Amino acid sequence: MIRRVTGAAAAAVLLAGLAACGGGSEEGGAGSATTELTYWMFQDRTPQAGEVVEKIRTDFEKANPGVKVNIVKIPKDDYNTKLGSALAGNTVPDVGILDQPLVSRFAQEGTIKEVPAGTLNEADFWEGALNTNKVGGKLYGFPIDHTAVALFYNKALVPTPPKTWDELKSISAGIHQKDPKVAGIVVPKGDGYGAWMWPGVVGGAGGQMVDEANKKILFDQAPAVEALQLWVDLLPSSPREITDSDQAFANGLAGMMISGPWDVATIKDQFPDLDFNVAPLPYKTTPAGNIGGENAVVFTKGKNEALAWKWLQHLTNSTNNTTLAQALGGFPVNKEAAERDAATFGEQQQAFLEQLKVAQARPALPQWIQINDEIIAPALESALSGKMTAQESLTDAANKTRALLGWNS
Amino acid sequence: MASPVVAQRPAETPARPGRRRRPGIGRRDHLIGWLLIAPALVYFIIFLLYPALAALYYSFTEWDLHSAPIWVGLQNYTDLFFDDVKYPHFWKSVQVTLQYTLVAVPLTLIAALGQALLINSIRRGSNLFRLLLFLPVVTAEAAVGAIWRWLYDPQYGLVNAVLGLVGIPRQNWLNTPELVIPALAFIAAWQCGISMIIYLAGLKSIPESIREAAVIDGAGPVQRFFKVVVPMLRPTTFYLVVTGIIAALQVFGLVYVIFSGGGNRSVTGGPEQSGLAYVLHIYLYAFRYNAMGAACAMSFILLVFIMIITFVQFKFMKQEAS
């Protein structure tokens, strides 16, 4: 008896399941066959961000009848691992976010598709953001939202932010002279993070890290050496024993620091009394900056290529790009959106919008993260700790990079 | 279930000399035996044996986790050992890990034994102290990192404040290459709870009669400690040294949380790679630089090294109580 009852129950559950499946497919059909597009992105930072993405998705589905966009959200820390397994297991998304430094690797391997001519109007986007999608001069993805670092300054200690390197040095010296317990600026360290910010400073002296087209390492030349020397010169007025303290800038122990927009929110939240603002990075000859953020690409093994490009156009058009970028925690890359909506960003965010206009993409080399972490970071540290001069350590690092890449000059 | 097996011991069936119970599959009770260990066996094969063998295979390949692995023979191994352009910090990570092990293991054992002796000597409230001293072990690694970054803070840190009382000048603990390993080892010693519990069990198993005999013979507390307690604890110490060294050579979580700091900082192993533990180095190559083949090779080098070290200890260290 019991067996019969369980049997019936199992059958009922099974039927219900089948019915649910049937219902699902009919619902989405709307007369014609449904085309499903799978899009992978990082997990939402806030519930509000989820709503923004949801609205952009339904708008797209309304404009494209018979299309269903299936958004898969993955925690940022697991994203690359999951994507790696998906690619190995042939269960790739059609389109998805891709970490900037991975674009060049994936492009060279043929894992992602080149953007077809006419899909994207280059003039619509900031050059630096666009260039993070270029490998060997060809475009492999859409910039979605980007961000940069800029100069945070404590208004009580720095009434007018420095515009040039000389001003930066004298303001830093002045702060420390006035109160030896306070550092001028939190000088970045010789770690992967410092090495990520440093190209923005090199750019400020008119320099570049590498010339990929001609396979030349440039970060041992004058602008780079001057950029590193600037950090070395700032150290006497910015002792490490002050700036290595947790949240030195927010605690009022340093007059300035270089950081990204994520710190604006943190400081406002945790240090509501700190009166600070953010200015573009000081420069020597040319305004410049670094860039980081999210790009999206179309996978070779995915389906519905045309629709995938259309989806990316939808995410980056001037209507959607600002709200999407704000939801994702970055800044719009679409020029029209960025300029029109600049006022919707807070006072402390304006400098980042300025930085994005002059930002330079990092070199499109698959080994770049490794070069950044394993070669450039230690070289910065050697100079900052006084073990070598800026020129010596950069010459050494450039030679190591040449050997690693097999470049001759 | 086991009784029929016991009943058919060869000694009790002299009628068929030479015919011994056939080990292996085929008999009903053997089948049940296999069934009973099956979950553990399946777990072992799927989650330990297969990944280990796969890692061994990948260590002979160049593999970036998503395209097909390319067979390169021993190149990963030779490059790791000899090519300091490709792997500039491999030997540094070996050096850091050995230094850390040499400092952290003795420090942990001394702290554990000290705590165990103290707890063993008090009559009331030993449970409470045992709990308190064990807490660091069950604290989430991320919290440990946050707490100790605060304690070691060059401006506000409690460590500097305490040392300041005895006139030792302020140090920038986690940012001075020479101080990084002692600072890390100290945290490891603070987390010695498991060793402490094992030592405590060891202390409890020393017969009271031996202590009394020593007292009658006129041995003082110091003599009793070195002549009775330490020799009697030798098996415990041996076990803790062997497992402690294995754990120290694989240190990762601690270094990772101490140096990763705010979310946007990338982990390159502290100032001048002074905290670049071997396993952190493996992690960077596996998941940051997409060089899984080389990372697998590094894992195997570590495995072989641990096997050798452990073998040497079993061979040359006194294990018996005396």
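Residues numbered from 1 in each chain as written. Chains lettered and ligands numbered in written order. Predicted model: local features only at pLDDT ≥ 70, side-chain atom pairs only at ≥ 80, totals over all residues. Heavy atoms only, no water.

1. Quick word on the overall build of chain B
Let me state the cut-off plainly: Strands here mean DSSP runs of E at least two residues long; helices mean DSSP runs of H or I at least four residues long; both are numbered from the N terminus. Every radius of gyration here is taken over C-alpha atoms, with the globule rule written as 2.2 Å times N^0.38, N being the number of residues. Each residue gets one of three labels from its accessible area relative to the maximum for its type: buried under 20%, exposed over 50%, partly exposed in between, using a 1.4 Å probe on protein chains only. Only heavy atoms enter the contact rule, under which two residues are in contact if any of them lie within 4.5 Å.
Within chain B, the secondary structure is distributed over 15 helices and two strands. In terms of overall dimensions, chain B is more spread out than a globule: its C-alpha atoms have a radius of gyration of 26 Å, far above the 20 Å expected for 322 residues. With the principal axes as the frame, chain B shows a C-alpha extent of 85 × 70 × 35 Å. The buried share among the 322 residues of chain B stands at 38%. A sequence separation of at least 24 residues applies to 66% of the contacts in chain B between residues at least 6 apart.

2. Remarks on the environment of Ala143(B)
With respect to the helices and strands, Ala143(B) occurs in helix 6 (residues 141–151). Measuring from C-alpha to C-alpha, the distance between Ala143(B) and Val257(B) comes to 8.5 Å, with 114 residues separating the pair along the chain.

3. Focus on the packing of aromatic side chains
Residues and elements named next belong to chain A. Quick reminder of the rule: To pair, rings of Phe, Tyr and Trp, with the six-membered ring standing in for Trp, must have centres within 6.5 Å; the planes then decide the type, stacked if under 30 degrees apart, edge-to-face if over 60, and tilted in the middle.
Counted by the stated rule, this structure contains 37 aromatic pairs over all chains. Ring geometry for Phe-60 and Trp-311: centres 5.1 Å apart, planes at 70°, overall edge-to-face. A residue pair is termed long-range when its members are at least 10 positions apart, and Phe-60 in helix 2 (residues 47–63) and Trp-311 in helix 11 (residues 305–316) qualify at 251 residues. No difference in accessibility class separates Phe-60 from Trp-311, as the two residues are buried. Through successive ring pairs, a cluster of aromatic residues spans Phe-152, Phe-249, Phe-276, Phe-331, Phe-345 and Phe-352.

4. Structural notes on the interface of chain B and chain A
Short version of the rule: Defined here as a combined quantity, buried area equals the accessible surface (1.4 Å probe) lost by two parts on assembly, summed across both. Each salt bridge in this description consists of a side-chain nitrogen of Lys or Arg and a carboxyl oxygen of Asp or Glu lying within 4 Å of one another. Polar contact is the term for a pair of N or O atoms within 3.5 Å; when the atoms are in protein, one must be able to donate a hydrogen and the other to accept it, and sequence-neighboring residues count only if both atoms are side-chain atoms. Three categories are distinguished: nonpolar for Ala, Val, Leu, Ile, Met, Phe, Trp, Tyr, Cys and Pro, charged for Asp, Glu, Lys and Arg, and polar for the others, with Gly belonging to the last.
Listed per partner, the contact involves 27 residues of chain B and 32 residues of chain A. At the boundary of chain B with chain A, total buried surface from both sides reaches about 2,700 Å², with 50% on carbon and sulfur atoms. On the surface where chain B and chain A come into contact, there are two salt bridges. The tally of links from chain B across to chain A stands at 14 residue pairs in polar contact (both at pLDDT 80 or more). At four residues, the largest contribution of residues to the side of chain B that touches chain A is made by helix 14 (residues 278–288) of chain B. Of the residues that constitute the side of chain B that touches chain A, the class distribution is nine nonpolar, 12 polar and six charged.

5. Quick notes on the packing of helix 7 (residues 192–204) of chain A against helix 15 (residues 368–384) of chain A
All names here are of chain A. As a reminder, the rule being used: In this description, a line fitted to the C-alpha atoms serves as the axis of each element, helices being fitted only across the stretch in contact, and the angle between N-to-C directions of two axes falls anywhere from 0 to 180 degrees. Should an angle fall under 35 degrees it is taken as roughly parallel, and over 145 as roughly antiparallel, whereas 65 to 115 is taken as roughly perpendicular and any remaining angle as oblique.
In contact at an axis separation of 8 Å, helix 7 and helix 15 are set at 80° when each is read in the N-to-C sense. Classed by the angle they form, the pair helix 7 and helix 15 counts as roughly perpendicular. On the side of helix 7, the interface is formed by Gly-192, Gly-194, Ala-195, Trp-196 and Trp-198, while helix 15 contributes Asn-372, Asp-373, Ile-376, Ala-377 and Leu-380.

6. Considerations on the pattern of salt bridges
All names here are of chain A. Scanning the model with the defined rule gives 19 salt bridges over all chains in all. For Glu-54, the salt bridge goes to Arg-57, with nearest N and O atoms at 2.7 Å. Taken together, the residues span about one helical turn, with Glu-54 and Arg-57 both in helix 2 at a distance of three residues. When its relative accessible area of 35% is taken as the criterion, Glu-54 is described as partly exposed. The residue Asp-244 makes a salt bridge to Lys-189 at a minimum N-O spacing of 2.8 Å. Taken together, the residues Asp-244 in the loop between helix 9 (240–243) and strand 11 (254–259) and Lys-189 in the loop between strand 8 (183–186) and helix 7 connect sequence positions 55 residues apart. Judged by its relative accessible area of 23%, Lys-189 is partly exposed.

7. Structural notes on the domain arrangement of chain A
Residue and element names in this part refer to chain A. The test is simple: As annotated, the domain borders come from an automatic or database domain assignment.
For chain A, the domain assignment lists domain 1 (34–147 + 292–358) and domain 2 (150–290 + 367–405). Of the roughly 1,300 Å² buried between domain 1 and domain 2, counting both surfaces, carbon and sulfur atoms make up 59%. The largest per-residue losses of area from domain 1 upon contact with domain 2 belong to Gln-348, Phe-352 and Gln-355, which jointly make up 44% of the total buried on that side. On the surface where domain 1 and domain 2 come into contact, there are one salt bridge. Close ionic contact of Lys-155 with Glu-347 constitutes a salt bridge, the shortest N to O distance being 4.0 Å. Between the two partners, domain 1 and domain 2, sit five residue pairs in polar contact (both at pLDDT 80 or more). Broken down by element, the residue count for the side of domain 1 that touches domain 2 peaks at five residues, all from helix 14 (residues 350–358). By residue class, the composition of the side of domain 1 that touches domain 2 is five nonpolar, five polar and two charged.

8. Focus: the sheet that holds strand 2 (residues 67–74) of chain A
All names here are of chain A. We count it as follows: Strands qualify as paired when DSSP identifies two bridges or more between them.
As summarised here, the arrangement of the six strands in space is 2-1-3-13-6-14, forming an open sheet in which the pairing is mixed. In this open sheet, the two edge strands, each paired with only one partner strand, are strand 2 and strand 14 (331–332). Sheet strands touched by helix 2: strand 1 (35–42) and strand 2. Its angle to strand 2, the strand with the most contacts, is close to 160°.

9. Considering the sheet that holds strand 11 of chain A
Residues and elements named next belong to chain A. On the basis of which strands lie adjacent, the open sheet formed by four strands has the order 8-11-7-12 and mixed pairing. A single partner strand is all that each edge strand has here, and the edge strands are strand 8 and strand 12 (276–279). Going across the sheet, the axis of each strand differs from the next one's by a mean of 20°, ignoring polarity. Judged from the four bridges that link them, strand 7 (residues 150–154) and strand 12 form a sheet pairing that is antiparallel. Bridging from a neighbouring strand, Leu-151 pairs with Ala-279 of strand 12.

10. Brief notes about the side chain of Thr61(B)
Within the secondary structure, Thr61(B) sits in strand 1 (residues 61–62). Setting aside anything within four residues of it in sequence, one finds Thr61(B) in contact with Pro69(B), Ile70(B), Trp71(B), Val72(B), Asn76(B) and Gly293(B).

11. Thoughts on the pairing of strand 6 (residues 142–147) of chain A
Residue and element names in this part refer to chain A. Most of strand 6 is tucked away: six of the six residues are buried. Both strand 6 and strand 14 contribute to a ladder of two bridges, which runs antiparallel. Residue pairing in the sheet places Asp-145 in a bridge with Pro-332 of strand 14.

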